[in-house]
Amino acid sequence: MRMIYYFLAINLVTFIIWGIDKSKAVNRRWRVPEKWLFILIIAGGALGALLGMMAFRHKTKKTVFWAVAIIACLVHAVLLFWLF
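(A) Quick peek at unusual backbone geometry. Located in the positive-phi region is Arg-28, a residue other than glycine, with phi close to 55°. With respect to the secondary-structure elements, Arg-28 resides in the loop between helix 1 (2-26) and helix 2 (34-56). Residue classification places Arg-28 among the exposed positions, given a relative accessible area of 77%. For Lys-59, which is not a glycine, the phi torsion comes out positive at approximately 70°. With respect to the secondary-structure elements, Lys-59 resides in the loop between helix 2 and helix 3 (63-83).

(B) Up close: the pattern of salt bridges. What the rule picks out here adds up to three salt bridges. Residue Lys-59 pairs with Glu-34 through a salt bridge whose shortest N-O separation is 2.9 Å. Here the residue Lys-59 occupies a position in the loop between helix 2 and helix 3, and Glu-34 occupies one in helix 2, the gap between them amounting to 25 residues. Overall, the relative accessible area of 12% leaves Lys-59 in the buried class. You can call Glu-34 partly exposed: its relative accessible area is 29%. We note a salt bridge from Glu-34 to Lys-62, for which the minimum N-O separation is 2.5 Å. Taken together, the positions of Glu-34 in helix 2 and Lys-62 in the loop between helix 2 and helix 3 put the pair 28 residues apart, joining distant regions of the chain.

(C) Broad picture of the environment of Val-32. Within the fold, Val-32 resides in the loop between helix 1 and helix 2. With 16 residues separating them along the chain, Val-32 and Ile-16 place their C-alpha atoms 12 Å apart. Ignoring any residue separated from it by four or fewer positions in sequence, one finds Val-32 in contact with Ile-17, Asp-21 and Leu-37.

(D) Region of the structure containing the packing of aromatic side chains. Under the definition given, this model contains four aromatic pairs. Residues Tyr-6 and Phe-7 carry aromatic rings whose centres are separated by 5.7 Å and whose planes lie at 75° to one another, so their mutual orientation is edge-to-face. Aromatic pair Phe-38 and Phe-65: ring centres 4.3 Å apart, planes at 10°, arrangement stacked. Separated by 27 residues along the polypeptide, Phe-38 in helix 2 and Phe-65 in helix 3 bring together distant segments of the chain. Taking the relative accessible area as the measure of exposure, Phe-38 reaches 19% and is therefore buried. Pairwise contacts between aromatic rings join Trp-18, Phe-38 and Phe-65 into one cluster.

What counts and how
Residues numbered from 1 in each chain as written. Predicted model: local features only at pLDDT ≥ 70, side-chain atom pairs only at ≥ 80, totals over all residues. Heavy atoms only, no water. Helix = DSSP H or I, 4+ residues; strand = E, 2+ residues; numbered from the N terminus. Buried < 20%, exposed > 50% of the residue type's maximum accessible area, 1.4 Å probe, protein only. Salt bridge = Lys/Arg side-chain N within 4 Å of Asp/Glu carboxyl O. Contact = heavy atoms within 4.5 Å. Phe/Tyr/Trp six-rings, centres within 6.5 Å; stacked < 30°, edge-to-face > 60°.

Structure, rendered in structure tokens:
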């Protein structure tokens, strides 16, 4: 059960960070390093990243973000299915 709460929290945080980074990009301010965006995806926030990409139209032209987020999302889904 704790794992579900973790995935909900990390996806919410990732979604929010995606929105913050988009806002900073529009205002030409200091940005969240891409390394940290990838870390959030791999740490469990793949779904939040995908939703953030679509909602904020952020990082949608970078194929590597799509690929990593989709693959990580599938891996996380299998992991959750296997655990529960």
